Each structure stands twice: as structure tokens, then as C-alpha cells.
Amino acid sequence: MSTSSAPRALRQSASSNDEVSIAPAALESSDLVLEVKDFSVDYGWGERAVRAVRNVDLDVHRSQVLGIAGESGSGKSTLVYAVTRLLRSPAVISGGDARLFLDADKNTGSDVRTVDLMRASERELRSIRWSQISIVLQSALNALNPVLRISAEFDEVLKTHRRDMNRHQRRARAVELLELVGLNEDRLARFPHELSGGQRQRIMIALALALDPQLVIMDEPTTALDVVTQREIISELRDLRARFGFAMVFITHDLALLVEIADEIAVMYAGTIVERAPAASLHDAPRHPYTLGLLNSSPPLHGKHHELVGIPGSPPDLAQSLVGCSFRARCPFALERCASETPPLVAIEDGGRMVACWLHDGSATNLPEALRREVSLSKRAAPQPRATKEVGS
Ligand SMILES: Nc1ncnc2c1ncn2[C@@H]1O[C@H](COP(=O)(O)OP(=O)(O)O)[C@@H](O)[C@H]1O
Ligand code: SF4
Ligand SMILES: [Mg+2]
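Residues numbered from 1 in each chain as written. Chains lettered and ligands numbered in written order. Predicted model: local features only at pLDDT ≥ 70, side-chain atom pairs only at ≥ 80, totals over all residues.

Caption draft 1: Up close: the sheet that holds strand S11 (residues 346–349). Reading across from one edge, S6-S7-S8-S3-S9-S10-S12-S11 is the order of the eight strands in this open sheet, with mixed pairing throughout. Because the sheet does not close on itself, it has two edges, and the strands there are strand S6 (133–136) and S11. Mean inter-strand twist for the sheet, computed between neighbouring axes without regard to direction, equals 20°. Alignment of strand S9 (residues 264–269) against strand S10 (residues 272–278), held across six bridges, turns out to be antiparallel. Bridge pairing in S10 links Ile 265 to Ala 277. (Pairing = 2+ DSSP bridges. Helix = DSSP H or I, 4+ residues; strand = E, 2+ residues; numbered from the N terminus. Axes fitted to C-alpha atoms, helices over the stretch in contact; angles between N-to-C directions.)

Caption draft 2: A look at the site of ligand 2. Neighbouring ligand 2 are 13 residues, the closest being Cys 325, Cys 331, Ala 334, Cys 338 and Cys 357. Taken together, the residues of the shell around ligand 2 break down into 12 nonpolar, no polar and one charged. (Near = placed C-beta within 6 Å. Nonpolar A, V, L, I, M, F, W, Y, C, P; charged D, E, K, R; others polar.)

Caption draft 3: Spotlight on the site of ligand 1. Around ligand 1 there are 13 residues in total, and Tyr 43, Ala 52, Lys 76, Ser 77 and Thr 78 lie nearest to it. Taken together, the elements giving at least two residues each to the shell around ligand 1 come down to strand S2 (50–61) and helix H2 (76–83). The dominant element in the shell around ligand 1, judged by the number of residues it contributes, is H2, at three residues. Grouping the constituent residues of the shell around ligand 1 by class yields five nonpolar, seven polar and one charged.

Caption draft 4: Here's a closer look at unusual backbone geometry. A cis amide bond, omega 15°, links Ser 89 with the succeeding residue Pro 90. Structurally, Pro 90 can be placed in the loop between H2 and strand S4 (91–103). Phi at Asp 212 takes a positive value of approximately 55°, unusual for a residue other than glycine. The backbone phi angle of Glu 220 is positive, close to 50°, even though this residue is not glycine.

Caption draft 5: Main features of the environment of Ser 127. Residue placement: Ser 127 occurs in helix H3 (residues 122–128). Given 14 C-beta atoms within a 10 Å radius, Ser 127 is considered partly exposed. Between the C-alpha atoms of Ser 127 and Thr 160, which are 33 residues apart in sequence, the distance is 10.0 Å. (Buried ≥ 20, exposed ≤ 12 C-beta atoms within 10 Å, placed from the backbone.)

Caption draft 6: Just the packing of helix H6 (residues 197–209) against helix H7 (residues 227–244), in detail. Packing of H6 against H7 leaves a shortest axis separation of 11 Å and a crossing angle of 15°. In terms of orientation, H6 lies roughly parallel with respect to H7. Considering how the two elements wind past one another, H6 and H7 form a crossing that is right-handed. Between H6 and H7, the residues in contact are Gly 198, Gln 201, Arg 202, Ile 205 and Leu 209 and Thr 229, Ile 233, Leu 237 and Leu 240, respectively. (Parallel < 35°, antiparallel > 145°, perpendicular 65-115°, else oblique. Left-handed = near helix turned anticlockwise from the far one by under 90°. Contact = placed C-beta atoms within 7 Å.)

Caption draft 7: Broad picture of helix H10 (residues 289–296). Taking burial as the measure, the eight residues of H10 include seven buried ones, the bulk of the element. What H10 keeps buried is the set Pro 289, Tyr 290, Thr 291, Leu 292, Gly 293, Leu 294 and Leu 295. Residues of H10 that are buried sit in contact with strand S3 (65–69), helix H8 (255–261), S9, S10 and helix H9 (279–284).

Caption draft 8: Summary view of the environment of Leu 258. Counting through the fold element by element, Leu 258 comes out in helix H8. Using a count of 25 C-beta atoms within 10 Å as the deciding quantity, one classes Leu 258 as buried. A sequence separation of 21 residues divides Leu 258 from Ala 279, and the C-alpha atoms of the two residues are 8.0 Å apart. Among residues more than four places away in sequence, those in contact with Leu 258 are Gly 67, Ala 69, Phe 250, Thr 252 and Ile 265.

Caption draft 9: Structural view of H7. For H7, with 18 residues, the first-to-last C-alpha span of 26 Å sits near the 26 Å given by 1.5 Å per residue. Of the residues making up H7, those classed as buried are Thr 229, Gln 230, Glu 232, Ile 233, Ile 234, Ser 235, Glu 236, Leu 237, Arg 238, Leu 240, Arg 241 and Phe 244. Elements that come into contact with the buried residues of H7 comprise S3, helix H5 (167–180), H6, strand S8 (247–252) and H8. Trailing H7 by a residue or two, Gly 245 shows a phi angle of about 80°, which is positive. (Expected span 1.5 Å × (residues − 1).)

Here it is as C-alpha cells:
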């Protein structure tokens, strides 16, 4: 996808130095690339089923980076693997819809082709995976075949999906992709065990971008890496997104890291989204007690360090039916009604902020100070300088 053919939202702000987040209010529904509605996933059947994802609504717009944050076990991976139909038994999609809106279909000449992901055949799914929607799985660092050279990994993907390419063209494309992620051509001759974790993760990212997909899903792509390499990869991903205009869903348990890359962040707890807001607003002025807890328990990216305070307790057992607010047992601000009434995810203020918490329904008289901070105009973290030569890590 060249920059000149980039989608509308990207053409408005195609520079990687453009610090303005794409606020949801400014996005048009015609810019949707993924729409998920009332989506639920269980593991197992009947009374003992683990209800891992519960009635989630989610949309991702063209060239937007949507971050999904939450502690381990909150349902992040289950949600995206189920939406992309990668989950296998005992996972059951127990309700909801997911649709992909793809730009300009060469075959029919239509502007937007809609793929109903829940009803698509395996054949149709195969035709869009890699080429339109690519996924870097949580275990990606071990995903490369240990007995294949890196060149063979690229060759396989390109051979399968780009039959028009000959061997030389495939090689040239592999070299181009490696350059995009800051790696030299000589890496193509290596085996995975000859590369560092950071280099293998870069190769996974290059493979994910090989066919110019419209949506890239990254599940904890930097979790196993050291902090410096994490920051370099985040910075490179921001550059690549700005250059090629793909939309991205970026999943991590590290909320502070997510603020560096996401335009908007959805926070998941016990299988539901409890807050969704533009990244800078969510970081500066959280509204849900769980978001506040996540921020207090991770080191700040910039400015003064604060004392790190973990969230006491543990998430509820998802095999039990949940009554009231699922965060109640750990919430320092719980109200009486939180024990019996489940707060819906509702818009609470301008700028596209949504929150599921009774403290914000207008009736609470004592809203804690920590949950009513003003939304500052702070910008996102400045991107780190892009590596111009081969990265060592
Ligand atoms: N194969 C499985 N069988 C039963 N429960 C599972 C299975 N895989 C995941 N779960 C449960 O589903 C919930 C969500 O898991 P997951 O989507 O992996 O969370 P996250 O990606 O946020 O860490 C967790 O409570 C987890 O224990
Ligand atoms: S609804 Fe109640 S228990 Fe849940 S987060 Fe809000 S105040 Fe806490
Ligand atoms: Mg996960």
C-alpha cells in the first residue's frame, strides 16, 4: 500500500512526527475496518463454562492503533483470536458479530468489501489472512520454524499469496521488508536460533506486513523483550503505521507502554471492556478505578516517578456467574449498588470516552479526586529516533 493510496484518515496526518491522536469523535463510520458487536466467548459448555469474553463491542478505524490493555487472564487474546476465527475447541463463540470492511476490492470493483467473519468459510478466511488481516500471536517469538532459514519463511508466505512473483522478486521483497524493520539482508540466511529475541520479533513483524494488510493484530509483541528493545520496536511500529496506513490492534498488559503507540485504548477486566478513551486522556485522567489501579501499578514513562502500588486481590473466577460489578471485590470506591447492579459501558463525556462504573452515572456525590482529574492537553511520548543501521538486539 503506497502512501499515495493510503486511506482517508491517514492522508490527513501521514507524518510519523504528527503527535495528534486520532480521537474517536473525529472518526467516521465509513472509516471502519473492524466492527465487533456484543461478542462473547466461552471455554467449554454448560454450567462449568469459563465465560472469558462477555458482550464486548469494539471498532477499529482505518490507520488507527487501538490498544487493548488489562491484566493477564482478562480475555484480550481470547477476544482477538475468536474474532479472527483462530480459536479452536474448547472455545465457543457464544454470541455476537464481527465484520471486516476491506478497501477497494479488485475483483468486484466495489469500494468496500464486507467480510462477515462469523459466517465466512475457511476458504474465505484463508484468502484474507496475511493479505488483509495479519496477526502476530502472543507466542510469536517461538513461531519461526527452527529448521528453516529466515529466507524460507518469507518465500513461503509470498509464494502462497503472491503467485505472480518469481523467485527474484520474492527475494527482493524479503530484503525490502527486512530493511523496513531495521535488519540487514544477511539475516535471510540465518536460522532463528542465530538471532536475538528482538531480531526474531522484527522478522515476525516484517512477515505480518509482507502483503500490505489493512489490519494488523499484535498480541503482546514486545513482552518477552528488554525495555530498550521494546521501545525501539514500538517506535518502529509507529513509523510503519504512519508510512503504510494499516490499522493496528495492539495488545499488552503494560498500559504505560501502550500509551506510547495507541491512539485509543480499551481496558479489559474479567472479559469486558471497562473503559475506552483516547490514549492521552486515559493516561492523564483515568475514570475507571481499575484503569487507575493499572496506571498506579506501572512505572510512568515520563516525569516524576510515583510509588508503585499493586491492585490488591485477584480477578473473579470466570466460571462463576458474576453479579454486580466484576471489579467490586478489589475496588476501593465500591458503592452499595455495585454488589447487585452491573454497570453498563456508557459514554460519559465528549471526546469518545466510555466507562462502565456507577461512580460516573451522575448520582455519586463524592467522586474520588483521582477519578476526576482534568484531561490535560499533554501530547503522547515523542517517538524514539528510528534506527538507521542494523539493530543489534
Ligand atoms: N483453553 C482454555 N480453557 C479454559 N479456559 C481458558 C483457556 N484459555 C484461556 N482460558 C481462560 O480465559 C480467560 C482469558 O484468557 P486470555 O484470553 O488468555 O487472557 P489474556 O490474553 O488477557 O491474558 C482466562 O481466565 C483464562 O484462564
Ligand atoms: S461500579 Fe462500583 S465497584 Fe465497580 S468500579 Fe465502579 S465504584 Fe468500583
Ligand atoms: Mg493473552
